[in-house]
Amino acid sequence: MPKAEPWRTVSLTDDCTKLRLVDQTRLPNELVWLEISELEEVWQAIKTLAVRGAPAIGVAAAAGLALAARRIMAPDFPEFYQKFCRAKAYLAGARPTAVNLSWALNRMKQAALQNKQRSMPEIKAALIAEANVIRDEDIACCRAIGEAGLPLLENCQSVLTHCNAGQLAAVQYGTALAPIYLAQERGHSLHVFADETRPLLQGARLTAWELQQAGLACTLLCDNMVATVLAQGRVDAVIVGADRIAANGDVANKIGTSGLAVLARHFKVPFYVAAPTSTVDLDCRNGKNIVIEERAPEEVAELWYQQRMAPPGVDIFNPAFDVTPAELVSAIITERGLVYPPFAENLAALK
Ligand code: MRU
């Protein structure tokens, strides 16, 4: 990101009347900012991946719910709360896998309940304030993830990442890219290999763009080229983000992550997962309990092509995420420090 003017991927506007976000469907060709305030617009932005990445989705949903709450007309708290919960459930249904969405919405629910004795305008103001706190905490959290991950990269020259877990996936810094940005701030610029990340190309469209903006060297790879660069010894570490980490350390992240973890283990390259503790879901025992979003077949067959590239009628499977078994993860980098195996024990101690 341009250093002179750090900007936020997603935030309420200064007057707190709109949610302002980078439209990630338009990158890398156009940097377009969306300003939205209707609940349906926020749902749509999350669903279509205009805003995406687990932390950014959480921040956007919290802000969207605060704006929706402001418009609720109700004579008393019970009626307000009923309408508020309906809006909350609607937003929670936009995408199923990233736990940060329900985590942020539950924080908003707590804020509503904690303020229920106050006047309606005060409750609404408290919800706007909570959405801003969630945003500011995300910035601090991602920076702390960067600090925690720095020692792991000390002797590295190059890292490989999948999808986009950088600033665009959060408010600033990101998760997997945060240690890379902090290393750069301290004069150690790493070379980043970015997988293109089929089918939605978050690596090619977003990570490559974001790293270019930051002045970091980036080499873009098709997903099926990873084994080649690992075999050539050109990658010192793999770092990815997460959408949900189960209590046993299984990690749901962008489709393709688990294959990358298998390859990293084969080639003896450490495989790190960077995520805020809000992504750790201790209520979820293991990866089998994580709901994996399936998206439209057109994303595989048509999107990005001038003409359809699969025969009409062919069956298409398009899961958006996969689960990497805990045993393939070398360490989880959180804002509270590094977590090593055994993950079941060490994640429980962290929360
Ligand atoms: O479908 P997306 O683009 O929202 O998927 C994003 C990822 O899988 C990220 O790696 C994850 O959300 C972590 S972002 C810090």
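In what follows, the accompanying structure is described.

The rules we used
Residues numbered from 1 in each chain as written. Predicted model: local features only at pLDDT ≥ 70, side-chain atom pairs only at ≥ 80, totals over all residues. Heavy atoms only, no water. Helix = DSSP H or I, 4+ residues; strand = E, 2+ residues; numbered from the N terminus. Contact = heavy atoms within 4.5 Å. Pairing = 2+ DSSP bridges. Near = heavy atom within 4 Å. Polar contact = N/O pair within 3.5 Å; in protein donor to acceptor, adjacent residues only side chain to side chain. Areas by Shrake-Rupley, 256 points an atom, 1.4 Å probe, with all protein chains shown as cover. Salt bridge = Lys/Arg side-chain N within 4 Å of Asp/Glu carboxyl O.

A short note on the environment of F80
Logical step 1: Inspection of the secondary structure assignment puts F80 in helix α3 (residues 77–92).
Logical step 2: With sequence-adjacent residues up to four places away left out, F80 is seen in contact with A69, I72, A74, M120, I123, K124 and L127.

Some thoughts on the pairing of strand β2 (residues 19–22)
Logical step 1: Sheet analysis places strand β1 (residues 10–12) next to β2, joined by three bridges and oriented antiparallel. Bridging from a neighbouring strand, S11 pairs with R20 of β2.
Logical step 2: Count of turn residues in the β1/β2 antiparallel hairpin: six residues, of which C16 carries a positive phi of about 60°.

Concerning the site of the ligand
Logical step 1: Taken together, 18 residues form the shell around the ligand, and within it R52, R95, D243, N253 and K254 come nearest.
Logical step 2: Between the ligand and N253 there is a distance of 2.6 Å, counted from an oxygen atom to a side-chain nitrogen or oxygen.
Logical step 3: K254 places a side-chain nitrogen or oxygen 2.8 Å from an oxygen atom of the ligand.
Logical step 4: Protein chains shield 100% of the accessible area of the ligand, which is 420 Å² for the free molecule.
Logical step 5: When residues of the shell around the ligand are traced back to their parent elements, those giving at least two are α2 (54–71) and β9 (251–254).

Comments concerning the pattern of salt bridges
Logical step 1: Per the stated rule, a full pass over the model turns up 15 salt bridges.
Logical step 2: Among the salt bridges present, the one from R107 reaches E137, with a minimum N-O distance of 2.8 Å. Taken together, the residues R107 in helix α4 (residues 99–114) and E137 in helix α5 (residues 120–153) connect sequence positions 30 residues apart.
Logical step 3: In this structure, D281 engages R244 in a salt bridge whose closest nitrogen and oxygen atoms are separated by 2.7 Å. Of the two residues, D281 sits in strand β11 (residues 280–281) while R244 sits in strand β8 (residues 244–246), which places them 37 residues apart along the sequence.
Logical step 4: Here the salt bridges do not stand alone but share partners, grouping R95, E293, R295 and E299 into one network.

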